[in-house]
Amino acid sequence: MAIVCKSSVEIEKMRRSGRIVRQVLDAVKEIVAPGVSTMDLERTAEKKIRELGAKPAFKGYYDYPCVLCTSVNQEVVHGIPSDARVLREGDIVSIDCGVVLDGYYGDSAITVPVGGSITPELQKLLDVTRESLYKGIEAACTGNTVGDVGAAVQQHVEAHGFSVVREFVGHGIGTRLHEEPQVPNYGVRGHGARLREGMVIAIEPMVNAGGPGVRVLDDKWTAVTEDGAPSAHFEHCVAVTKDGPVILTE
Ligand code: MF3
Ligand code: CO
């Protein structure tokens, strides 16, 4: 399957789904607090998605059971919301949401602190991961390559002593949640698929405070760090345009 470029009309539609994802994440972020369960986040998200007239993108995707992925502390991505998983002061939680509206997908993730007292080391992990996403976005210009995006993310992360996850990558997005190309958070400048006007990619650095290794739990979804160190995740959908990268999910 080749890389699909989008027309300006299609990108406008993706902006609408992107805006809904943002509104959902804002609503969920609002209720994050000690004592709240990840299933509470799920319920808030599902209600908001329906209210805004969209459909969840993750629920039913390869039989994934929920509208959100909620990944706490050493969980990297694809944590499944649960009533039993109650957030505690000092945790960090990644909230990843996808929706589809009028046939076009939006996908975005944030990682937020729980309560008011995360450690400086965790705050640095959140800051560096978010910054690395923006470094990747800046590199998403026509004429650059997917390797330029990955290299920009990787360089920022490793300069701060953290590591990028290799097993999961960003992706093209459009009329399907996952399209070509794959968008790794590591790479070599000038290598990989060339970025062209109309491409839309989801850039999603997953950054570990310790080593890069991850494994998947017996629930077949939840990816955790091999060494138990915390991990953060931020994601935006970005359109490659002749005027430079345009974030569709903010
Ligand atoms: N943002 C993630 C991704 O793009 C979430 C996918 S979860 C799944 O791959 F359930 F939909 F697989
Ligand atoms: Co994604």
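In what follows, the structure referred to is the one given above.
None of these values were measured; they are calculated from a predicted model.

Caption draft 1: Inspection of the side chain of H233 at higher detail. By secondary structure assignment, the location of H233 is in strand β13 (residues 231–233). Look at H233 and you get buried, because its relative accessible area is 0%. Contacts of H233, omitting those with residues within four sequence positions, involve V76, V77, S94, D96, A109, I110, T111, T129, E204, P205 and M206.

Caption draft 2: Expanded view of the coordination of the cobalt ion (ligand 2). For the cobalt ion (ligand 2), the full set of protein donor atoms is D107 (OD), H171 (NE2), E204 (OE) and E235 (OE), and the range of their distances to it is 2.1 to 2.3 Å. We note that the donor set of the cobalt ion (ligand 2) lies within a single chain, spaced as D-x63-H-x32-E-x30-E. Residue D107 is found in strand β5 (residues 104–113), and its partner H171 is found in strand β7 (residues 170–172); the two are separated by 64 residues along the sequence.

Caption draft 3: Looking closely at helix α3 (residues 120–138). The first and last C-alpha atoms of α3 sit 27 Å apart over 19 residues, in line with the 27 Å expected at 1.5 Å per residue. Three or more residues of α3 are buried, namely L122, L125, L126, V128, T129, S132, L133, G136 and I137.

Caption draft 4: Main features of the packing of aromatic side chains. Within the structure shown, the criterion is met by two aromatic pairs. When the centroid spacing of 4.9 Å and the interplanar angle of 90 degrees are considered together, the rings of Y61 and Y62 count as edge-to-face. Y61 sits in the partly exposed class, given a relative accessible area of 27%. Exposure remark for Y62: the relative accessible area of 67% places this residue in the exposed category. The ring of Y186 has R166 lying over it, and the distance from NZ or CZ to the ring centre is 5.2 Å.

What counts and what doesn't
- Numbers given to residues run from 1 along each chain, matching the order in which its sequence is written.
- Chain letters and ligand numbers both follow the written order, the letters beginning at A and the numbers at 1.
- Reporting of local features is limited, given that this is a predicted model, to residues whose pLDDT is at least 70; pairs of side-chain atoms are given and counted only at 80 or more, and all residues count toward the totals for whole chains, interfaces and linings.
- To get the side-chain values, all heavy atoms of the structure are used, and hydrogens and water are removed first.
- By the criteria applied, helices consist of DSSP H or I runs no shorter than four residues and strands consist of E runs no shorter than two, each listed in order from the N terminus.
- For the exposure calls, accessible area comes from a 1.4 Å probe over protein chains only, and a residue counts as buried if that area is under 20% of its type's maximum, exposed if over 50%, partly exposed in between.
- Here, two residues are considered to be in contact whenever any of their heavy atoms come within 4.5 Å of each other.
- Coordinating donors are taken to be N, O and S atoms lying within 2.8 Å of the metal, or within 3.2 Å when the metal is Na, K or Ca; because water is excluded from the atom set, some sites may appear incomplete.
- Multiply 1.5 Å by the residue count of a helix minus one, and that product is the helix's expected span.
- Under the pairing criterion, centres of Phe, Tyr and Trp rings, with the six-membered ring standing for Trp, must be within 6.5 Å; the plane angle then separates stacked pairs below 30 degrees from edge-to-face pairs above 60, leaving the rest tilted.
- Any Lys NZ or Arg CZ found within 6 Å of a ring centre and within 35 degrees of that ring's normal is scored as a charge over the ring.

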